Amino acid sequence: MLQMHAEPPAAAKSFAWQSLYYDFEREIILRSVFGRFRVNELALARHFDVGRTVARDLLIHAREVGIVSKGEKSHWWIVPLDEARFHDLYELRILLEPVALESAIGRIPTAQLDMVEARLKDVIARFPQVDISDLDVLEADLHIDCVGHGGNPEIIEALRRTRCILVSGKHIQVALKRPTLVDPFMDEHLDIVRAVRRGSGAVAKKALVAHLRASSQKAAERLAAFRASQSVPHLPYIA
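So, how was this worked out
- Starting from 1, residues in each chain are numbered consecutively following that chain's sequence as written.
- Under the rules for a predicted model, residues below a pLDDT of 70 receive no local features and side-chain atom pairs below 80 are neither given nor counted, while totals for whole chains, interfaces and linings still include all residues.
- To obtain the side-chain values, all non-hydrogen atoms of the structure were included, while hydrogens and water were left out.
- Counting from the N terminus, the helices are the DSSP runs of H or I reaching at least four residues and the strands are the DSSP runs of E reaching at least two.
- By this rule the span expected of a helix is its residue count minus one, scaled by 1.5 Å.
- What is called the bend at a residue is the angle between a pair of axes, fitted to the seven residues leading up to and ending at it and to the seven starting from it.
- Using a 1.4 Å probe on the protein chains alone, a residue whose accessible area is under 20% of its type maximum counts as buried, one over 50% counts as exposed, and one in between counts as partly exposed.
- The set of buried Ala, Val, Leu, Ile, Met, Phe, Trp, Tyr and Cys residues whose side-chain atoms join them within 4.5 Å is what this entry labels a nonpolar core.
- When checking whether two residues touch, look at their non-hydrogen atoms; a contact exists if any pair is within 4.5 Å.
- Each aromatic pair joins two rings of Phe, Tyr and Trp (for Trp, the six-membered one) with centres within 6.5 Å, and gets the label stacked for planes under 30 degrees apart, edge-to-face for over 60, and tilted for any other angle.
- Here, over-ring charges are defined by two tests on the NZ atom of lysine or the CZ atom of arginine: distance to the ring centre within 6 Å, and angle to the ring normal within 35 degrees.
- By definition here, a salt bridge exists when the distance from a side-chain nitrogen of Lys or Arg to a carboxyl oxygen of Asp or Glu is within 4 Å.
- Strand pairing requires that DSSP identify at least two bridges connecting the strands.
- Axes here refer to lines fitted to C-alpha atoms; in helices the fit is confined to the stretch in contact. Angles between the N-to-C directions go from 0 to 180 degrees.

Asks: Could you give me a rundown of helix 6 (residues 132-146), with the residues and numbers involved?
Replies: In this model helix 6 runs 20 Å from its N-terminal to its C-terminal C-alpha over 15 residues, within 8% of the 21 Å that 1.5 Å per residue would give. Within helix 6, the axis deviates most sharply at Ala140, by approximately 40°. Among the 15 residues that make up helix 6, 11 are buried, leaving the element largely enclosed by the rest of the structure. Listing the buried residues of helix 6 in full gives Ile132, Leu135, Asp136, Leu138, Glu139, Ala140, Asp141, Leu142, His143, Ile144 and Cys146.

In structure tokens, the structure reads:
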């Protein structure tokens, strides 16, 4: 969900970890549901048959998303993601994200809103024949990129801590293997984006609060279902 801008040598290095990141992220998130575990950087490098630098890049990006942290003795740890943390992070989003979005009205380039709306309409037309990667883009469009134009940088920084619940939902949904793979949130996003385009701050805020509350409830239900029915295999780099 993050765009990487670099010169050619750095771009090659970024590609090394990016090609591995989805699988790594999935394994970290699915284990976070069951508690706090240590991630061994050397074992991670050996597991993926890459150098320590690439393994560290994976961990650094995961820390930026909020799914791992660096603790005592510079060890890497999975951040637990239980019902209480899910609730707390959604509460933070409900308090701050609508405020940030309202302050972003007039700051978001028209071309960007055009692109966001076009992507939403495209996925709505194709649903349910969509990929998780399509939904990643739509989530980032609204909740990271549009909100990121908000006028208070302290609020934007605080919201960075909540990004882990954006990425966790997709992996839990896939792991549950339900007939309906994804949550069709696109119409809700479209209503919010259109309110932003009209400059209707109060309408956009109200719609976003309703969307986040509904998402919170559905996320809690999926998390409980996953914890009750699933297990995760042993991996050599997680202890």
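Still more ground to cover, so stick around.
Asks: Explain the nonpolar core to me, using residue names and the numbers behind them.
Replies: Grouped together as the largest cluster of nonpolar side chains are 39 residues, with contacts concentrated most on Tyr21, Phe24, Ile28, Leu44, Leu58, Ile67 and Tyr237. For this core, the secondary structure elements donating two or more residues are helix 1 (8-32), helix 2 (41-48), helix 3 (52-65), strand 3 (76-78), helix 4 (83-104), helix 8 (163-176) and helix 10 (201-229). Ranked by the residues each element gives to this core, the list is headed by helix 1, at 7 residues. The residues contacting Ile28, other than those within four sequence positions of it, are Val39, Ile67, Val68, Ile78 and Ile238. Formed by 28 residues, the second largest nonpolar core is a distinct cluster that contains Val123, Leu135, Leu142 and Ala204.

Asks: How would you explain the packing of aromatic side chains if you had to name every residue and give the values?
Replies: For the structure shown, the criterion picks out 6 aromatic pairs. Measuring from ring centre to ring centre gives 5.9 Å for Phe34 and Phe226, while their planes differ by 50°; the resulting arrangement is tilted. You can see Phe34 sitting in the loop between helix 1 and strand 1 (38-39) and its partner Phe226 sitting in helix 10, a full 192 residues away along the chain. In this structure Phe34 comes out as partly exposed when scored by relative accessible area, which is 33%. An aromatic cluster is built from Trp17, Tyr21, Phe24, Phe48 and Tyr237, whose rings are joined through pairwise contacts. Of note, Arg36 hangs over the ring of Trp77, and the distance from its end group to the ring centre comes to 4.0 Å.

Asks: Before we move on, could you go through the pattern of salt bridges and cite the residues and values that matter?
Replies: Taken as a whole, this structure holds 16 salt bridges when the rule is applied. In this structure, Glu117 and Lys121 form a salt bridge, with 3.3 Å as the shortest nitrogen-oxygen distance. Here the residue Glu117 and the residue Lys121 both occupy positions in helix 5 (residues 110-126), the gap between them amounting to 4 residues, near one helical turn. Its salt-bridge partner being Arg197, residue Glu117 comes within 3.2 Å of it at the nearest N-O pair. Remark: Arg197 occurs in helix 9 (residues 186-198) and Glu117 occurs in helix 5; sequence separation between them is 80 residues. We classify Glu117 as buried; its relative accessible area is 11%.

Asks: Lay out the sheet that holds strand 1 in plain terms, naming residues and giving numbers.
Replies: As summarised here, the arrangement of the 3 strands in space is 1-3-2, forming an open sheet in which the pairing is antiparallel. The open sheet terminates on both sides in strands that have one partner only, identified here as strand 1 and strand 2 (68-70). Summarising the sheet, strand 2 and strand 3 pair through 3 bridges and their orientation is antiparallel. Residue pairing in the sheet places Lys70 in a bridge with Trp76 of strand 3. Sitting on the sheet, helix 3 is in contact with strand 1, strand 2 and strand 3, with an inclination near 105° to strand 2.

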